[in-house]
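For reference, the chains in residue letters:
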Amino acid sequence: MTEPTWYILYDGESVDGSGPPDYYTRTTDKEVAKEHWKKCKSNPYSTGKVVAYTDTKQIRIWWEQHWEGL
């Protein structure tokens, strides 16, 4: 049995893309989280991010490879 994964989604924009993100929502649906991540990555001013949590680890999704194994 695999560990359940929660994806915490953050969103927001700043003039230079480096401001603090705001909590947006959470989901257990990997595809919803991945679409949000792609949306954030496509906007250079986005402060959005996705953080995945399981019972034993926390993973900040920076690159496409980070989705593997989740």
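1. Quick look at the pairing of strand E3 (residues 49-53)
The side chains of a regular strand alternate between the sheet's two faces.
So, step 1. Bridging between strand E1 (residues 6-11) and E3 involves five bridges; their strand directions are antiparallel. Bridge pairing in E3 places isoleucine 8 opposite valine 51.
So, step 2. Examined bridge by bridge, E3 and strand E4 (residues 58-60) share three bridges and lie antiparallel to one another. Considered in E4, the bridge of tyrosine 53 is made with glutamine 58.

2. A short note on the sheet that holds strand E2 (residues 22-27)
So, step 1. Within the open sheet, the four strands sit side by side as E2-E1-E3-E4. Their pairing is antiparallel. At either end of the open sheet lies a strand with only one pairing partner, and these are E2 and E4. Taking the axes of each pair of neighbouring strands and ignoring which way they run, one obtains an average angle of 20° across the sheet.
So, step 2. Sheet topology note: the E1/E2 ladder contains five bridges and is antiparallel.

3. As for the pattern of salt bridges
Where charged atoms from two side chains of opposite charge approach closely, those side chains can pair.
So, step 1. Under the counting rule described, the total for this entry stands at two salt bridges.
So, step 2. The partner of aspartate 11 in a salt bridge is lysine 39, with the nearest N and O atoms 2.9 Å apart. Of this pair, aspartate 11 sits in strand E1 while lysine 39 sits in helix H1 (residues 30-42), and the two are 28 residues apart along the sequence.
So, step 3. In this structure, glutamate 64 and lysine 34 form a salt bridge, with 3.4 Å as the shortest nitrogen-oxygen distance. Pair noted here: glutamate 64 is in the segment after E4 and lysine 34 is in helix H1, with a separation of 30 residues, a long-range link.
So, step 4. Relative accessible area serves as the criterion here: at 17%, lysine 34 is assigned to the buried category.

Calculation criteria
- Residues numbered from 1 in each chain as written.
- Predicted model: local features only at pLDDT ≥ 70, side-chain atom pairs only at ≥ 80, totals over all residues.
- Heavy atoms only, no water.
- Pairing = 2+ DSSP bridges.
- Helix = DSSP H or I, 4+ residues; strand = E, 2+ residues; numbered from the N terminus.
- Axes fitted to C-alpha atoms, helices over the stretch in contact; angles between N-to-C directions.
- Salt bridge = Lys/Arg side-chain N within 4 Å of Asp/Glu carboxyl O.
- Buried < 20%, exposed > 50% of the residue type's maximum accessible area, 1.4 Å probe, protein only.

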